[in-house]
Amino acid sequence: MRTGPAFDDVLAAAQAGAAWAFEVLYRDLAPAVTGYLRLHGAAEPDDLASETFLGVFTGLAGFRGDEAGLRAWVFTIAHRRLLDDWRRRSRRPPIADEPGNLAERPGGDAEDDALVRLGAETVQQLCGTLPTDQRSVLLLRILADLTVEQVAGVLGRSVPSVKALQRRGLRTLRERLEREPSAEPAHPSRTVRR
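Residues numbered from 1 in each chain as written. Predicted model: local features only at pLDDT ≥ 70, side-chain atom pairs only at ≥ 80, totals over all residues. Heavy atoms only, no water.

Caption draft 1: Examining the overall build of the protein chain more closely. For the protein chain, the count of helices and strands is eight helices and zero strands. In the protein chain, the succession of α and β elements from N to C terminus is α-α-α-α-α-α-α-α. A buried classification covers 34% of the 194 residues belonging to the protein chain. Long-range contacts, defined here as pairs at least 24 residues apart, represent 63% of the contacts in the protein chain between residues at least 6 apart. On the protein chain, roughly 12400 Å² of surface is accessible, and the fraction owed to carbon and sulfur atoms is 54%. (Helix = DSSP H or I, 4+ residues; strand = E, 2+ residues; numbered from the N terminus. Buried < 20%, exposed > 50% of the residue type's maximum accessible area, 1.4 Å probe, protein only. Contact = heavy atoms within 4.5 Å. Areas by Shrake-Rupley, 256 points an atom, 1.4 Å probe, with all protein chains shown as cover.)

Printed below as a string of structure tokens:
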């Protein structure tokens, strides 16, 4: 259940330049956009998400549509930024002196960090084994919560093609999960001691 101002009011305010409305749109969409970019292997998913929202806020005055249309439009921009990033990275060799992945650095509750990392790594590994087109379809359908028609628009594919990619991707994931033994980590507070 959604609380706060109605989407039409937020959109109209954002198109008029109201900072609070930009914040509402960003807060609602940024986590899914960043997750989509991260699971596609973007080197700097937060930076790409920022570039995406710069594009969104720059072009927002000309947007016409409903809430579902806005989500599809935002993910179209994110997907294009991702493709641009892949092209840019393929033309430039990686820099060797980077400090590494900040997610690997300790902080907070070590047990919670480890459990979150295990879950995120498992999802990232599973998604990484899928072909790019299947991964894109599944992430846009599940993470971005777009319809098949919207995913087709974002990826520039036909609806039957998106449905076929979704079926193949889900079948592949199901087969891989069924082959692997349960890797659910034991949580110390849930362990029965005798």
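Caption draft 2: A look at a positive patch on the surface. On the surface, Lys163, Arg167, Arg168, Arg171 and Arg174 cluster together into a patch of positive charge. In this fold, Lys163 is placed in helix α8 (residues 159-179). (Patch = residues over 30% accessible without salt bridge, like charges linked within 9 Å, V, L, I, M, F, W, Y side chains within 5 Å. Salt bridge = Lys/Arg side-chain N within 4 Å of Asp/Glu carboxyl O. Lys, Arg positive; Asp, Glu negative; His and termini not counted. Charge placed at Lys NZ, Arg CZ, Asp CG, Glu CD.)

Caption draft 3: Here's a closer look at the packing of aromatic side chains. Using the criterion set out here, one finds five aromatic pairs in the structure. Taken together, a centroid distance of 4.9 Å and an interplanar angle of 70° make the contact between Tyr26 and Phe53 edge-to-face. In this pair, Tyr26 is assigned in helix α2 (residues 19-39) and Phe53 in helix α3 (residues 45-59), connecting sequence segments 27 residues apart. Classification of Tyr26 by relative accessible area gives partly exposed; the value is 37%. Classification of Phe53 by relative accessible area gives buried; the value is 3%. Here the aromatic cluster, defined as three or more aromatic residues joined through ring pairs, consists of Phe22, Tyr26, Phe53 and Phe57. (Phe/Tyr/Trp six-rings, centres within 6.5 Å; stacked < 30°, edge-to-face > 60°.)

Caption draft 4: Region of interest: the packing of α2 against helix α4 (residues 67-91). Interhelical geometry of α2 versus α4 gives an angle of 40° and a closest axis separation of 11 Å. By the angle between their directions, the pair α2 and α4 is classed as oblique. Relative to α4, α2 is oriented so that their crossing is right-handed. Two secondary-structure elements touch here, α2 through Leu25, Leu29, Ala32, Val33, Tyr36 and Leu37 and α4 through Leu70, Arg71, Val74, Phe75, Ala78, His79 and Leu82. (Axes fitted to C-alpha atoms, helices over the stretch in contact; angles between N-to-C directions. Parallel < 35°, antiparallel > 145°, perpendicular 65-115°, else oblique. Left-handed = near helix turned anticlockwise from the far one by under 90°.)

Caption draft 5: Layout of the environment of Asp145. Its location among the elements puts Asp145 in the loop between α6 (132-142) and α7 (148-155). Linking Asp145 and Ala68, residues 77 residues apart in sequence, is a C-alpha distance of 9.1 Å. Discounting chain neighbours no more than four positions away, the residues touching Asp145 are Arg71 and Leu140.

Caption draft 6: A look at the environment of Arg176. The topology assignment puts Arg176 in helix α8. Each C-alpha atom of the pair Arg176 and Thr129 lies 9.6 Å from the other, and the pair is 47 residues apart in sequence. Contact partners of Arg176, with chain neighbours within four places excluded, come to Leu126, Thr129 and Leu130. In this structure the side chain of Arg176 is engaged in a polar contact, spanning 2.6 Å, whose partner is the side chain of Thr129. (Polar contact = N/O pair within 3.5 Å; in protein donor to acceptor, adjacent residues only side chain to side chain.)

Caption draft 7: Fine view of the pattern of salt bridges. Under the definition given, this model contains six salt bridges. Between Arg87 and Asp84 there is a salt bridge; the shortest N-O distance is 2.9 Å. Note that Arg87 and Asp84 are positioned in helix α4 at a spacing of three residues, about one turn of the helix. Between Asp85 and Arg88 there is a salt bridge whose closest N-O contact spans 3.7 Å. In this pair, Asp85 and Arg88 are both assigned in helix α4, three residues apart and thus about one turn of the helix distant. For Asp85, a relative accessible area of 9% corresponds to the buried category.

Caption draft 8: Spotlight on the nonpolar core. Counting residues in hydrophobic clusters, the biggest one holds 42 residues, and the most contacted among them are Val33, Leu37, Leu70, Phe75, Leu140 and Leu146. Counting only elements with at least two residues in this core, the list comes to α1 (7-15), α2, α3, α4, α6, α7 and α8. Both domains that meet at this core, namely domain 1 (4-89) and domain 2 (102-191), each give it at least three residues. If we skip the residues at most four places from it in the chain, Phe75 touches Ala32, Val33, Tyr36, Leu140, Ala144, Leu146 and Val154. (Core = buried A, V, L, I, M, F, W, Y, C linked by side-chain atoms within 4.5 Å. Domains from an automatic or database assignment.)

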